[in-house]
Amino acid sequence: MVRNPADSPSIRHARGLSETEVAERRRRDGPNVLPAQRPPPAWRLFVEQFIHFFAILLWVASALALVTGMVELGIAIVLVVLINGLFAFAQEYRAERAAERLRDLLPERARVRRDGVTREIDATELVVDDLVLLGAGDRVSADLEIVESHSLRLDVSLLTGESAPESVEVGEVAYAGTFIVEGEALGIVQATGSDTRLGEIAALTRARNRPKTPLHLEIDRLVRIIAVIAVAVGGIFFAVSVALGTDPSVGILFAIGVTVALVPEGLLPSVTMSLAVGAKRLADQNALVRRLESVETLGSTTFICTDKTGTLTQNRMAVVEAWTPQGRAQIDGNGYEPTGEVNADAGALPALQNLGTIVERCSTADIEHRDGEWVAHGEPMEAALVAFARRLGADVREQSRADPEVRRFPFDPHRRRTSVLTRDRLVVMGAPEAVLSRASHGDREVRRAVKEMAERGLRVLAAATRPADEVDADDTLESIESNLEVVGIVGLEDPPRPGTAATIAASKSASVRTAMVTGDHPSTARAIANEIGFIGDEGIVVDGNDLPDDDKMLGALLDRDGVVVSRVSPEDKLRIARALQDRGHVVAMTGDGVNDGPALQEADVGIAMGRSGTDVAREAADLVLLDDEFGTIVNAIKQGRATFYNIKRFLTYHLTDNVAQLTPFVVWALSAGRFPLALGILQILALDIGTDLLPALALGSEPPSKDVLERPLETEHLLNETVLGRAFGVLGPTEAIVEMTAFVVALLAFGWVPGGDFPVGSELLAASGAAFTAVVVGQIANAFACRSTTRWPGDLGWASNRLLVGAVTVELFALLAFLFVGPIAKVLGQAPPPPEGGFIALLAAPAILLSDAIYKRFRAR
């Protein structure tokens, strides 16, 4: 509920609401909670895996098999559907709870004044017009209009992305979810629950439906194409069989056989396992995948929108340079450690120590040794000033005891200064122009030093002082902060992460465009972008306030490499993602705060920071960077592209074997039913599930090639001319020829002569076993051939993919079981082949490898 200003009491600050008024508002507005979003129930996700187009096709085939009395076939097809469905369910069972995590940002307790009494209540019991008391360290419980402010400063980074705390004056709003960095205040509740700014962001997060990933769309397309072809060919075979006078039930058998032969039953499990392997490798590289499909989507990424602080930079402010009228100093140190190297003239050291004392006394942060390293306690920039003073050897604690603080005037965004009045002097720190404008005289040398540091991308602060006996503590602040004497200036930097420049260059070579989307000031963002080579020839810096309202114009403005967008809002990030997607880009968006949740869901790949990010960002994301480094994103893209190529590898492998499985039915049809079937339907299912699946899964584990990022980004479909040409034009026909040759040679070995009657009984089963053996041997060679589209398998190392070696070993044992274990062979309808047929079947391996080598040599030319 939002407070109507007309309903606000005149000066209710003194007593707050009465219990009667509280009860009335609670009945009207409800509790101060964000509405929860229920994830889809598990049963619905489970059922959906068995009613999509691919599954329905197999359900129909199973039903037809059962109706025609082929119980074994019907059960086998049902098992295939169940295997695919269980794999898919495991992949999809990741409920979205980002909006629920937003509720955790509301504090559990809040201090209010009701009926003139201050009490602590559960934050969910806050109502509109409640009077809330705020102090340092508190988290704001609702949107509050500040009615009294005593040096109040808020950390609003979760909502705005701005790293520096903001001062909040009387009449301004402190939003739910923000933190009190320092000061005290009284605020009247303006909005609660879903009506707060935090609630609006939660609504944006709940409203966003994740876009389908490129892989999802591509698999849908692929399944439909194969399904249409399978059904069409099966229908043709049914019509042919009936036209030849075959009993309709037998015709249905052949139609089902053709359909089963063409449908790659192991495709979906193979895709899922390939994604899982990619996810495991990414986890080893500090990238945690929350949605498996995002592994491949990373490989398809064409545009990265990245934050600056903590991703491109180390989020460790440090003073690297100082200037005083007595001399300069270069400071080198590790993080926030209090020791470091100071390069300065000995005569300038006292002045530098004085400068260090002033900036530390104006700071409210500190540094502490924790878990083996020095870390910031408070605002990073002010902690860096403390480390600077310690490195200079300034003994601030001793001086504080000798010259205690009398009064503090905290930083104000209008003054842009911080002042501390001690017993002996007034010390001031702030933006150079804000301090120099209050100095007793302007110094060209000071301004020249400021300009030089700023041009090098440093954040510059100036320090000044004034004798305390010239200051009247009861005077106006304007009068107090006047006639200052400039002591010196410091230059701070948030250094880029090591290797960031090289990583940016790698992303450019990978044909991936990048944009820095940050809440920081344009000048700060520009300086870092220039330092790491982010802004290219066509790069620009745009203030979020100047973004065009039209999404098409926005997309045209940002669709370039090396663009920097500063001071963005959550709505801006959403619009940026949509505008780039409308221009055909696959967008990856990084983020760490509450404000990033909606954009992370809108992007094709949402990437959250694991160290510095919030639960909201992590739950909204597809990928969580455990080290917060931009380089990890590029590594993830590399693995994503490798996964894409792996999917194409085993797709080629599947289709090649499907050609061999379909060929017996084609020969039967062309002979008008006079030539016996070399393979039966159950044999085909045994090939798909029993021998074909493991090598396909092993192909999904191929590691990325060294040049995978430099290779042109493939935007074509998984099922393209290269895959079709190789599977249906080279490898598939080769395997099918050897298969049918082994079948015919086995028949000849049993005394069959062309034109005569075919053998029946055990002899026909043995001939079918020869064809089955040829397909399995061809599968093994085909798996090694499909490891590369350009290189001979031996060049890669026959044993370099250990999973594939293990898979073909298992496949060989499975072949022996299918042939020589009597009950299994009887169910499949085959027997061990005669020596002649077995010898021809073994030739499938060299035949496949030879035809593949010729194809690769011809394609290379």
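Before reading on, note that the structure itself is shown above.
In this text, all values refer to a predicted model and were calculated from it rather than measured experimentally.

Colleague: Is there a simple way to think about the packing of aromatic side chains in this case?
Modeller: In this description, a pair of aromatic rings is defined by centroid distance and the angle of the planes. Throughout the structure, instances matching the rule amount to 8 aromatic pairs. Centre to centre, the rings of Phe 675 and Phe 743 are 5.9 Å apart; their planes meet at 65°, and the pair counts as edge-to-face. Residue Phe 675 is located in the loop between helix H24 (630-670) and helix H25 (681-691), and its partner Phe 743 is located in helix H27 (residues 721-749); the two are separated by 68 residues in the primary sequence. Each of the two residues, Phe 675 as well as Phe 743, counts as buried. In this structure an aromatic cluster arises from ring pairing among Phe 675, Phe 743, Trp 752 and Phe 758.

Colleague: What should I look at first to understand the pattern of salt bridges in this one?
Modeller: Between side chains of opposite charge, pairing is possible as soon as their charged atoms come close. Tallied over the full model, the rule gives 25 salt bridges. Between Glu 382 and Arg 153 there is a salt bridge, and its shortest N-O distance comes to 3.5 Å. Here Arg 153 lies in strand S4 (residues 143-155) and Glu 382 lies in helix H13 (residues 380-391), a separation of 229 residues in the sequence. Under the relative-accessibility criterion, Glu 382 is labelled buried at 5%.

Colleague: Explain H24 here, please?
Modeller: Within an α-helix, residues lying three or four positions from one another point in the same direction, as the helix has 3.6 residues per turn. Relative to the 60 Å expected for 41 residues at 1.5 Å per residue, H24 spans 59 Å between its end C-alpha atoms, a close match to the ideal helical length. At Leu 662, H24 shows its largest bend, some 30°, and a proline, Pro 664, comes one to four positions later. Summarising burial for H24: 36 of the 41 residues are buried, a large majority.

Colleague: Help me out: how do you make sense of the sheet that holds strand S21 (residues 541-543) in this one?
Modeller: Remark on secondary structure: sheet strands pair via backbone hydrogen bonds, oriented parallel or antiparallel. The strand order across the open sheet built from 8 strands is S8-S25-S24-S23-S9-S20-S22-S21, with neighbouring strands paired in mixed fashion. Both edges of this open sheet fall to strand S8 (287-289) and S21, since each of them pairs with a single strand only. The average angle at which neighbouring strand axes cross in this sheet is 20°, direction not considered. Pairing between S21 and strand S22 (residues 563-566): 3 bridges, direction parallel. Looking across to S22, one finds that Asp 543 is bridged to Ser 566.

Criteria and cut-off values
Residues numbered from 1 in each chain as written. Predicted model: local features only at pLDDT ≥ 70, side-chain atom pairs only at ≥ 80, totals over all residues. Heavy atoms only, no water. Phe/Tyr/Trp six-rings, centres within 6.5 Å; stacked < 30°, edge-to-face > 60°. Helix = DSSP H or I, 4+ residues; strand = E, 2+ residues; numbered from the N terminus. Buried < 20%, exposed > 50% of the residue type's maximum accessible area, 1.4 Å probe, protein only. Salt bridge = Lys/Arg side-chain N within 4 Å of Asp/Glu carboxyl O. Expected span 1.5 Å × (residues − 1). Bend = angle between axes of the 7 residues up to and from the residue. Pairing = 2+ DSSP bridges. Axes fitted to C-alpha atoms, helices over the stretch in contact; angles between N-to-C directions.

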